[in-house]
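These are the residues of each chain, in order.
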Amino acid sequence: FLKSQKTTTQRKVDRKVLKFEWSNSDDTYLAENGSAMLETFNTHVEKIEDFEETSLLKGNVRNDSLSQNRLTELMNKELTKISLSDFNEIRSIIGIVLSSSYNSAKIPLARSWSETGLQKELVAQLQFTYNTPRAFQMQTITASLMFKDIMGISPTGSGKTVAFLAPLLNFLKYLPVIPKEKHMEGPYAIVLGPTRELVIQLHSVFEKISPYPFIRSKVFIGGREKYSIADLSCEIVFATVGRMRDLVENNDISLNQCCYVIIDEADAMIRENLSTDLEYILDSINDERNKSDDSSQ
């Protein structure tokens, strides 16, 4: 992968993509049971600076017996025989409606973990843990692996965490383990949440679904830990936004080689006035001021 070469001025201009706007009807807290709502969000940091594609998933589950019988038929149909109209019918029954600036027909729908395109070890772990993907995961994981920009808004318990952590694990599998001499360059990925409880929950899901012991993680939630990133190299850092900003400001952590960012509950961050901290963190990624003396080697 290539590091961003954008200037500080360019990054400040690009920050406007974080100025989210939505109506009250789109609030995640108002989502009805059985509905899934997806708007555009970004998990890949390079896409934050190149926000060209948008998608919206919004719909209601059809629970009548005729629809469910048809769904069973479509879910069991051989992949080689399934058509685009079949996938659209599955979306209609399970409550997925795509609205996007690119051709939604090119975004596949995964009926099983094996159809997601994830690595086989990860697929096996997900099959063991969750058996089959939920509607949210069926659509978003395939889009994430295509590096599409996706924003997810969905009821609690609909599988959002796995939907963004599984593609992250899939991505990191291809990167080398960070060696000791690169400790101070920081992690490859950061996963940010607004609260301690959420960050702990995200990390617990990561530990549950990861089949890769070489992908190491660290949690920073404030209050207790006083560690420097040099104490233990890791590929992923899970942190609250406030704690991550403190670490960056105090030079306890570098984001010099960070190439993947996950922002969970971005709407809550804005309500809690954390958007400034979030922008500071994103501006610190690949920032010249964070590079060590030998970073060019």
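Preceding this section is the structure that the text describes.
The following refers to the structure shown. One numbering rule holds for all chains: residues counted from 1, following each sequence as written. Local features in a predicted model are, by the rule used here, given only for residues with pLDDT of at least 70; side-chain atom pairs are given and counted only at 80 or more, and totals for whole chains, interfaces and linings are based on all residues. The basis for every side-chain value is the complete set of heavy atoms in the structure, and neither hydrogens nor water enter the calculation.

**A few points about the pairing of strand S6 (residues 217-220)**
Three labels apply to residues, based on accessible area from a 1.4 Å probe with only protein chains included: buried if under 20% of the type maximum, exposed if over 50%, partly exposed otherwise in between. Segments assigned H or I by DSSP are reported as helices when at least four residues long, segments assigned E as strands when at least two residues long, and all are numbered from the N terminus. The two faces of S6 differ: Lys218 and Phe220 on one face are buried, but Ser217 and Val219 on the other face are not. Bridging between S6 and strand S7 (residues 236-240) involves four bridges; their strand directions are parallel. Opposite Phe220, over in S7, you have Ala239 as the bridge partner. Strand pairing follows a simple DSSP-based rule, namely that at least 2 bridges must link the two strands.

**Things to note about helix H9 (residues 241-249)**
Of all the positions in H9, only Val241, Arg243, Met244, Arg245, Leu247 and Val248 are classed as buried. Contacts: residue pairs with any heavy atoms within 4.5 Å of one another. Tucked into the core, H9 has its buried residues touching strand S5 (189-193), S6, S7, helix H10 (266-271) and helix H11 (275-283). One or two positions beyond H9, positive phi appears at Asn251, with a value near 60°.

**Details of the nonpolar core**
Of all hydrophobic cores here, the largest spans 33 residues; its most connected members are Leu126, Leu165, Leu168, Leu172, Val191, Ile236 and Phe238. Put simply, the parts of the chain that give this core at least two residues each are helix H5 (120-130), helix H7 (160-172), S5, helix H8 (196-209), S7 and strand S8 (260-263). Broken down by element, this core gets its largest block of residues, eight residues, from H7. Leave out the neighbours within four places in its chain, and Val191 touches Leu165, Leu168, Leu202, Ile236, Val237, Phe238, Ala239 and Ile262. What is meant by a nonpolar core is a set of buried Ala, Val, Leu, Ile, Met, Phe, Trp, Tyr and Cys residues, joined one to another through side-chain atoms within 4.5 Å. Counting 22 residues, the second-largest nonpolar core is a separate cluster that includes Phe220, Val241, Ile263 and Ala266.

That is the geometry; function is a separate question.
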